[in-house]
Amino acid sequence: MTEMTLPPFERFYEAHREEIYAFLVRRLGHDRAEDAFQETFLRALRAYPKLRHGEHLRAWAYTIASRIAVDEHRRPRPDVDLPELAHLDGRPAFAELEHLADALPPTERAAVVLRYGYDLDYADIGTALGSNATAARQAASAGIRRLRRKDLS
Amino acid sequence: MTPVSPDLDRRFRDAAAREGLLDVAYDVVDSPIGALFVAATDRGLCRISYDAEPEREVESLAKAFGLRVLRSTRPIDAARHQLDEYFDGKRHRFELDVDLAPQADFNRLVLHELARVPYGEVVTYGQLAARAARPRAARAVGMVMNRNPLPIVLPCHRVVGANGKLVGYAGGLDRKETLLRLEGALL
């Protein structure tokens, strides 16, 4: 089996910058999307030497962007004074899930984490995985079934 | 869908370089002898190419120096500035660090000798070989010139055949002639 080799960062950036930016604009609005965009690709650049192959790079980019969008959402906006909402438990859902989903095959893992951890809709997840909403839904439910089976054993 | 603005794109590329996250930064520099593809690591200038296909250059830089290759203007500014001055005839000596790490020992030695050949003068392949303590290696020196990673800055255009003929240049003889004429080494 030949694994896809990791492209130079310039190619990764050029291939994904537009869709990642559009995704961040949808989640955060224009103003905050710009900072989140920079942070997403700086974080990707820091992690890049640790990647071992070039598969699922798009899902990887979306995962970083989603995480940053979640952090941005939680950060109070300086110009708006919103009361802090109480959390049911202190641990954010995505952190729990990422740990649980560790053993899943990459596509199922990405689908489960993006759906249940980051609350993306299937259309966004399909885009992230390079497929479509239907395939994303199937991957997520296959992942959940697998997690249940593991839970029982 | 809102595209990434040129300003946002530039800010990311600047930030990546500023935070020291790049193995190689590159940019395209205009010159009177065509666009030059110029690349640098944090140790110094590592490539200047004529007639470059950026995608191929980027792949080859990634192989030689690491995958984090990104187009970024700032790290190339000093080289761009000095090249502009050179082409205006105002600079006779480049003051730029160079990164010759991936070069074989012999090549590096020859390239260091080459860097000492002054503006407006020419040497023969044999003379340069002798300066690198390998007087019979004129042909090998020719190969090193042909693969010079930093033409113009490392002045392989100042190396000519024993009969004084220009002989060859990886960027084409026209460019060699233009550079030597600019330096007043040819009439």
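Residues numbered from 1 in each chain as written. Chains lettered and ligands numbered in written order. Predicted model: local features only at pLDDT ≥ 70, side-chain atom pairs only at ≥ 80, totals over all residues.

### Here's the deal with the interface of chain A and chain B
Listed by partner, the interface residues are 19 residues for chain A and 19 residues for chain B. Among the secondary structure elements, those contributing two or more residues to the side of chain A that touches chain B are α1 (9–28) and α2 (30–47) of chain A. When residues in the side of chain A that touches chain B are grouped by element, the largest group, eight residues, is from α1(A). Of the residues belonging to the side of chain A that touches chain B, the class tally is 13 nonpolar, one polar and five charged. (Contact = placed C-beta atoms within 7 Å. Helix = DSSP H or I, 4+ residues; strand = E, 2+ residues; numbered from the N terminus. Nonpolar A, V, L, I, M, F, W, Y, C, P; charged D, E, K, R; others polar.)

### Topic: α2(A)
With 18 residues, α2(A) ought to run about 26 Å at 1.5 Å a step, and its terminal C-alpha atoms sit 26 Å apart, in line with that. Against the buried residues of α2(A) lie α1 and α3 (57–74) of chain A together with α1 (6–18) of chain B. (Expected span 1.5 Å × (residues − 1).)

### A few points about the confidence of the model for chain A
Mean pLDDT for chain A: 80, with 79% of residues reaching 70 or above. Element-level pLDDT for chain A is lowest in helix α4 (residues 93–100) of chain A, with a mean of 63, against a maximum mean of 96 in α1(A). (pLDDT = per-residue confidence, 0-100.)

### Re the domain arrangement of chain A
Residues and elements named next belong to chain A. Annotation of chain A at the domain level lists domain 1 (1–85) and domain 2 (88–153). Counting residues at the interface gives 10 residues for domain 1, matched by 12 residues for domain 2. Elements supplying a minimum of two residues to the side of domain 1 that touches domain 2: α1 and α3. Counting residues per element, the side of domain 1 that touches domain 2 draws most heavily on α3, at six residues. (Domains from an automatic or database assignment.)

### Focus on the environment of A:E39
Along the chain, A:E39 turns up in helix α2. Distance from A:E39 to A:T107, taken between C-alpha atoms, is 24 Å for residues 68 residues apart in sequence.

### Comments concerning the confidence of the model for chain B
With 99% of its residues at a pLDDT of 70 or more, chain B shows a mean pLDDT of 95. For this predicted complex, the interface confidence score (ipTM) comes to 0.91, while the overall pTM stands at 0.78.

### Here's the deal with the pairing of strand β2 (residues 36–41) of chain B
Residue and element names in this part refer to chain B. Counting buried positions over the six residues of β2 gives six, a clear majority of the element. Across the two faces of β2 the burial is the same, with L36, V38 and A40 and F37, A39 and T41 all buried. Alignment of strand β1 (residues 24–29) against β2, held across five bridges, turns out to be antiparallel. Bridging from a neighbouring strand, A25 pairs with A40 of β2. Once β1 ends, the chain turns through six residues before running back antiparallel as β2, passing G34 with a positive phi of about 105 degrees. Of the pairings in the sheet, the one linking β2 to strand β3 (residues 44–50) comprises six bridges and is antiparallel in character. Pairing of A40 across the sheet is with L45, part of β3. Linking β2 back to β3 in an antiparallel pair, the connection comprises two residues. (Buried ≥ 20, exposed ≤ 12 C-beta atoms within 10 Å, placed from the backbone. Pairing = 2+ DSSP bridges.)

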